[in-house]
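Observations on chain architecture
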Amino acid sequence: MIKLQLIGHLGHDAVQRHVNGHTVLGFRVAHTERFKARDGQLQERTTWVDCSLWNKEKLGPYLRTGTRVFVEGNPAPDNYVNGQGENVSVLRLKVLQLQLLTSRRDGGKRENEVEEIVMVNEDPADDLPF
């Protein structure tokens with residue numbers, strides 16, 4: 001089993017589509033890693049993950065640009081040639097668990113505590129015919 005967990009921010013509002021009678025919400029999550037290079041310079045690397053959340057259309061209004069989320073699911077790499085003829089690699093994630101995250105503010109001081117707002121659990125065994 002391969003599973004990916006990610007905490008990051010949404011790059012755009014979720015887009016709702018209909019596929020074979022099912023509703024799917026599509027959104028991108030960015031995770032930025034900050035580190036020091038060998039020369040001591042501070043570097044940043046952002047990884048984008050294309051996410052799909054099936055049959056949870058009621059969550060669409062909550063999945064807005066900049067929202068901090070925790071997602072967990074099954075990853076799959078995808079390669080394609082874009083309109084400019086360039087090879088593009090993307091990481092896609094079928095979301096099985098989603099949490100919307102917010103940071104609390106107490107007395108004007110930002111804390112690192114996370115408040116869970118919504119949690120969605122998808123059981124992959126639900127698709128089994130037995």
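What comes next is a walk through the structure. (Residues numbered from 1 in each chain as written. Predicted model: local features only at pLDDT ≥ 70, side-chain atom pairs only at ≥ 80, totals over all residues. Heavy atoms only, no water.)

Within this structure, the stated rule accounts for seven salt bridges. In this structure, R64 engages D13 in a salt bridge whose closest nitrogen and oxygen atoms are separated by 3.3 Å. Of this pair, R64 sits in the loop between β4 (42–54) and β5 (68–81) while D13 is found in the loop between β1 (4–10) and β2 (15–19), placing the two residues 51 residues apart along the sequence. A salt bridge links D78 to R92, with the nearest nitrogen and oxygen atoms 2.9 Å apart. On the criterion of sequence distance, the pair formed by D78 in strand β5 and R92 in strand β6 (residues 87–106) is long-range, its members being 14 residues apart. Look at R92 and you get partly exposed, because its relative accessible area is 34%. Through salt bridges with shared partners, one network takes in R28, D50, D78 and R92. (Salt bridge = Lys/Arg side-chain N within 4 Å of Asp/Glu carboxyl O. Helix = DSSP H or I, 4+ residues; strand = E, 2+ residues; numbered from the N terminus. Buried < 20%, exposed > 50% of the residue type's maximum accessible area, 1.4 Å probe, protein only.)

The subject of this paragraph is the layout of surface pockets. A volume near 180 Å³ is recorded for the second largest pocket. Taken together, 14 residues make up the lining of the second largest pocket; nearest its centre are R17, G26, D50, C51 and R92. Taken together, the elements giving at least two residues each to the lining of the second largest pocket come down to β2, β3 (22–36), β4, β5 and β6. Its residues assigned to classes, the lining of the second largest pocket shows five nonpolar, four polar and five charged. (1 Å grid on protein atoms, 1.4 Å probe; cavity = no way out; pocket = protein on both sides within 12 Å on 5 of 7 lines; lining within 4 Å. Points joined across faces, edges and corners; volume = space filled by probe spheres on them. Nonpolar A, V, L, I, M, F, W, Y, C, P; charged D, E, K, R; others polar.)

Counting 17 residues, the largest nonpolar core has F27, L63 and V71 as the members making the most contacts within it. For this core, the secondary structure elements donating two or more residues are β1, β3, β4, β5 and β6. Looking at this core element by element, the count peaks at four residues for β6. (Core = buried A, V, L, I, M, F, W, Y, C linked by side-chain atoms within 4.5 Å.)

As judged from the five bridges shared by β2 and β3, these two strands associate in the antiparallel manner. What sits directly across from R17, in β3, is V24. Counted along the chain from β2 to the antiparallel partner β3, the turn is two residues long, and its residue N20 has a positive phi close to 50°. (Pairing = 2+ DSSP bridges.)

The next thing to look at is the environment of I7. In this structure, I7 sits in strand β1. Considered as a pair, I7 and V71 are 64 residues apart in the sequence and their alpha carbons are 6.5 Å apart. Residue contacts for I7: discarding those within four places in its chain leaves H31, R68, V69, F70 and L101. (Contact = heavy atoms within 4.5 Å.)

With that settled, consider the side chain of D50. In this structure, D50 sits in strand β4. A distance of 3.2 Å separates a polar atom in the side chain of D50 from a polar atom in the side chain of R92. The residues contacting D50, other than those within four sequence positions of it, are F27, R28, V90, L91, R92 and L93. (Polar contact = N/O pair within 3.5 Å; in protein donor to acceptor, adjacent residues only side chain to side chain.)

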